[in-house]
Structure formats: structure tokens, C-alpha cells
Amino acid sequence: MRFIFIIISFLFFTNLVLAQDEGSVTMRRNKPRADTNYIKSYKDYLALGIFIAAPVNTLTLTPKDSLIKPTEYKTNLSSVIGFTGAYKSVTASIGFRIPVEPDLTSKYGTTKFKAFAIGTQKTKFSVRFDYRKVAGFYNGDSLIKIPGSTETYFKRSDVESRQFMVSGLYNFSWKKYSYQSSFNFSEHQLKTRVGFIMKSSISFNRLNSDSSLINLNQTATNQQKVQQLNYTSFLIGPGMGLNVVIAKRVYFSMMLFLSFDYVSYAFVSNDNSKTRNESLTGFFEGRMALGYHSKRFYAGLKFVGDKVAVQTTDYKVENLFGAVTLDVGYRFNAPGILKKVYENTFTKFLGL
């Protein structure tokens, strides 16, 4: 009887150990990876690049009262130059405004521009933080003719727009379709493919000035004159993308999103009174890119834009920002010190 008990106990503990070994094997399985027949990754390289962008930023304030003319503000931005860097799952960029010609400054005024971005470049799900500040606009429909001088516009150096945004993008077709190949250059789409994606973002925005943002007549009260607009935007939108590959290295990409934007806002009038409310708007957004990939060198021309629309009881405020960007970069072998620093920081604490 004791012999049978020992045999049964031995078999029980043997099965238990095998089950534990089997579980440990399951835990050690590699994470699912993209299909290498469709996507090639360059994330183990240190990618450094330079870009030149031609940005466009317009602010349009349309009163509900049709008798009041909409106010449109534009920026005097000739171009922006910046630098990009990427390694493993992290990418970052920073941009600076190139000085504008004096003739254009005298006509349109001076616009100050600062932008910074950092994010992940995962194939399936990526996150990005953006900061953008634009100060100095001119009224696009207020042309002033000065005798003996050139035409100029009504300048609003006091108008300032600032945005903090965290956005995420989920790629449903991540195994065969790469969003990163056209807009972050960390991957290379090898075959033509259609993909379905979802994007979302939360952003805090502030639009302010020293006086009224709306062109109202002189009889308007201080309460009617909007001096500042603070709004928080929650945006989500499904989209579809197409990557067309030509001769294995040349690509053309196009994306289209149907975005829904819930905005919680607060108007601050000249007399410091506040009006709070919410709005929901829907609109289409598009992105396009054309470029070239090799193992080390990459280049691309892309158009990316974002829009925040606030529909209030008295006004509709649209903040549209878009940029045509030329990127050129090279992929280097990552130095050993960078690998160690990355493993001891991003990998250790964030699992990237």
C-alpha cells in the first residue's frame, strides 16, 4: 500500500512540475510580430533627421449673428526648420521658425512659433505628446491702405494660441499595414496594403488676447467682446489608410479620418465674466505622404493637419493647423552607451 502511495505521489508531483514548466514556456513566448513579408522594421537603428516645414495656422471666429462678419486670423510663417531623432520605440522632434523677410514682416507682422513632440513608434499602438505655441496673427480680411506706403494688414501681436495634446493611434491591421513607414520612418512597407486605424486625443487649448477677438461694432458691450477662450478637446475618429509601394522603395500613402470632437469650453469676456458650455462637432481629416526608403537613408514629403472646432451658443471657433514637411534622415548603428541607457530607463521602467 505504501508503495502504491509513493508511485501516485511521484506521478502527481511529476505532472505538477511538467505543468509548471509548460506554463513557463508559455510565458516566455515572443510577442506577436508584424508580418515581415509586408513590413520591415528599422527600430534597432539610431535614426537622425532634419526637416523643413511650411506650416499654415488659421483662426476663424464666426458669430451666430449673420449681421456680424466672421473674423479670420492668419500667421506670417514662412517656414520652420527642425530635427528628429528615433531609437527603438521612442521618437522626438523639435522645430524653430526661420526668420521672415522684412517686407513681409511690415505687411503681415511677426509670428512667433515653437513646437515640440515626443512619442512612441510601436507598430500596433503608439502614443504621442505635442506642444505648440503660436503668437502673433494678422486679420486676413482687414487690408489697410496707407498713403505713400504699401498695403498692410491689421496686425494682432497680442493674439496667442497654445496647445498641449496627448494622442494615441491604434492600428487594427498592424500585422500587414504600417502607419509608421510613411510618417515616422521607423518601418518600411514592402507591399501595397490597405489598413484600418483608430485615433484619439485629449488636448488643452488656450486662445487669448489683450482685447476682443471678434470684430464687433463700437456699441458692443464688454460682455459681448470675447478676450480669451479656454477649451479641452476629446477627439476620436475611425480611419482608413492606403500604402502604395512602387519598385519596393518608393511609397505613396493616404489616410482619411472621420473625427468626432467633444469640447468643453469657457469664454472670458473683456469684463472677466465667464461663459461655460460643451459642444460636439464632426469633420473629415486627411493625411498624405510620398517618399523613399533604403536600409540607411530615407526621405519623405508629407502633409499632416489637425483641427479643433468649438461650436458655442454665439460663435463657432475653428483652429486649423497644417504643415507640408520635407524629411531627410539617415539610420546609424546605435552606440553601446545608448543601448545601455535605453535598457536601464525606458525598458526597465516603461517596458518599451
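Keep in mind the model is a prediction, meaning the values are calculated, not measured.

How each quantity is defined
- Residues numbered from 1 in each chain as written.
- Predicted model: local features only at pLDDT ≥ 70, side-chain atom pairs only at ≥ 80, totals over all residues.
- Heavy atoms only, no water.
- Helix = DSSP H or I, 4+ residues; strand = E, 2+ residues; numbered from the N terminus.
- Buried < 20%, exposed > 50% of the residue type's maximum accessible area, 1.4 Å probe, protein only.
- Contact = heavy atoms within 4.5 Å.
- Areas by Shrake-Rupley, 256 points an atom, 1.4 Å probe, with all protein chains shown as cover.
- Phe/Tyr/Trp six-rings, centres within 6.5 Å; stacked < 30°, edge-to-face > 60°.
- Lys NZ or Arg CZ within 6 Å of the ring centre and 35° of its normal.
- Salt bridge = Lys/Arg side-chain N within 4 Å of Asp/Glu carboxyl O.
- Expected span 1.5 Å × (residues − 1).
- Bend = angle between axes of the 7 residues up to and from the residue.
- 1 Å grid on protein atoms, 1.4 Å probe; cavity = no way out; pocket = protein on both sides within 12 Å on 5 of 7 lines; lining within 4 Å.
- Points joined across faces, edges and corners; volume = space filled by probe spheres on them.
- Patch = residues over 30% accessible without salt bridge, like charges linked within 9 Å, V, L, I, M, F, W, Y side chains within 5 Å.
- Lys, Arg positive; Asp, Glu negative; His and termini not counted.
- Charge placed at Lys NZ, Arg CZ, Asp CG, Glu CD.
- Polar contact = N/O pair within 3.5 Å; in protein donor to acceptor, adjacent residues only side chain to side chain.

### Here's the deal with the overall build of the protein chain
Move 1: Helix and strand counts for the protein chain stand at four helices and 15 strands.
Move 2: Within the protein chain, the fraction of its 352 residues that count as buried is 42%.
Move 3: Sequence-distant contacts in the protein chain: of pairs separated by 6 or more residues, those separated by 24 or more amount to 71%.
Move 4: Summed over all atoms, the accessible surface of the protein chain reaches about 19,900 Å², with 62% contributed by carbon and sulfur.

### With respect to the packing of aromatic side chains
Move 1: Enumeration according to the criterion identifies 15 aromatic pairs in this entry.
Move 2: When the ring of Tyr-138 is compared with that of Tyr-153, the centres are 5.3 Å apart and the planes differ by 55°; the resulting orientation is tilted. A residue pair is termed long-range when its members are at least 10 positions apart, and Tyr-138 in strand 7 (residues 125–144) and Tyr-153 in strand 8 (residues 152–171) qualify at 15 residues.
Move 3: For Tyr-153, a relative accessible area of 18% puts it in the buried group.
Move 4: Linked through ring pairs, Tyr-87, Tyr-342 and Phe-346 together constitute an aromatic cluster.
Move 5: The side chain of Arg-193 reaches across the aromatic face of Tyr-38, ending 5.4 Å from its centre.
Move 6: Taking NZ or CZ as reference, Arg-331 lies 3.8 Å from the ring centre of Tyr-42, over its face.

### Remarks on the pattern of salt bridges
Move 1: Across all of its chains, the model carries nine salt bridges by this definition.
Move 2: A salt bridge links Lys-43 to Glu-187; the shortest N-O distance between them is 3.3 Å. Taken together, the residues span a long stretch of sequence, with Lys-43 in the loop between strand 1 (39–41) and strand 2 (45–63) and Glu-187 in strand 9 (residues 187–189) at a distance of 144 residues.
Move 3: Since its relative accessible area comes to 1%, Glu-187 is described here as buried.
Move 4: Between Asp-327 and Lys-302 there is a salt bridge, with its nearest N and O atoms 3.6 Å apart. Separated by 25 residues along the polypeptide, Asp-327 in strand 15 (residues 315–333) and Lys-302 in strand 14 (residues 297–311) bring together distant segments of the chain. The same class applies to Asp-327 and to Lys-302, which are both buried.
Move 5: A cluster of three or more residues bridged by salt bridges with shared partners is formed by Lys-133, Glu-160 and Arg-162.

### Examining unusual backbone geometry
Move 1: Even without glycine at this site, Phe-185 takes up a positive phi of about 65°.
Move 2: Residue position: Phe-185 is located in the loop between helix 3 (180–183) and strand 9.

### Describing helix 4 (residues 336–350)
Move 1: In this model, helix 4 (15 residues) spans 20 Å end to end at C-alpha, consistent with the 21 Å of a helix rising 1.5 Å per residue.
Move 2: Along its length, helix 4 shows its largest kink, about 35°, at Tyr-342.
Move 3: Positive backbone phi, at 70°, marks Gly-351, one or two positions downstream of helix 4.

### Topic: empty space enclosed by the protein
Move 1: Tallied over the entire structure, the rule returns three cavities of 30 Å³ or more.
Move 2: Its boundaries defined by the atoms lining it, the second largest cavity holds a volume of some 60 Å³.
Move 3: If you trace the second largest cavity, you find it lined by Asn-57, Arg-132, Val-134, Ser-161, Gln-163, Asn-205, Asp-306, Val-308 and Asn-319.
Move 4: Looking at the lining of the second largest cavity, the elements that each hand over two or more residues are strand 7, strand 8 and strand 14.

### As for a positive patch on the surface
Move 1: On the surface, Lys-40, Lys-248, Arg-249 and Lys-295 cluster together into a patch of positive charge.
Move 2: Considering the arrangement of structural elements, one finds Arg-249 in the loop between strand 11 (226–246) and strand 12 (250–269).

### Regarding the side chain of Lys-302
Move 1: The exposure class of Lys-302 is buried, given its relative accessible area of 14%.
Move 2: At a separation of 3.0 Å, a polar atom in the side chain of Lys-302 contacts the main-chain carbonyl oxygen of Phe-183.
Move 3: Setting aside chain neighbours within four positions, we find Lys-302 in contact with Ser-182, Phe-183, Phe-185, Met-288, Ala-289, Ala-323, Val-324, Thr-325 and Asp-327.

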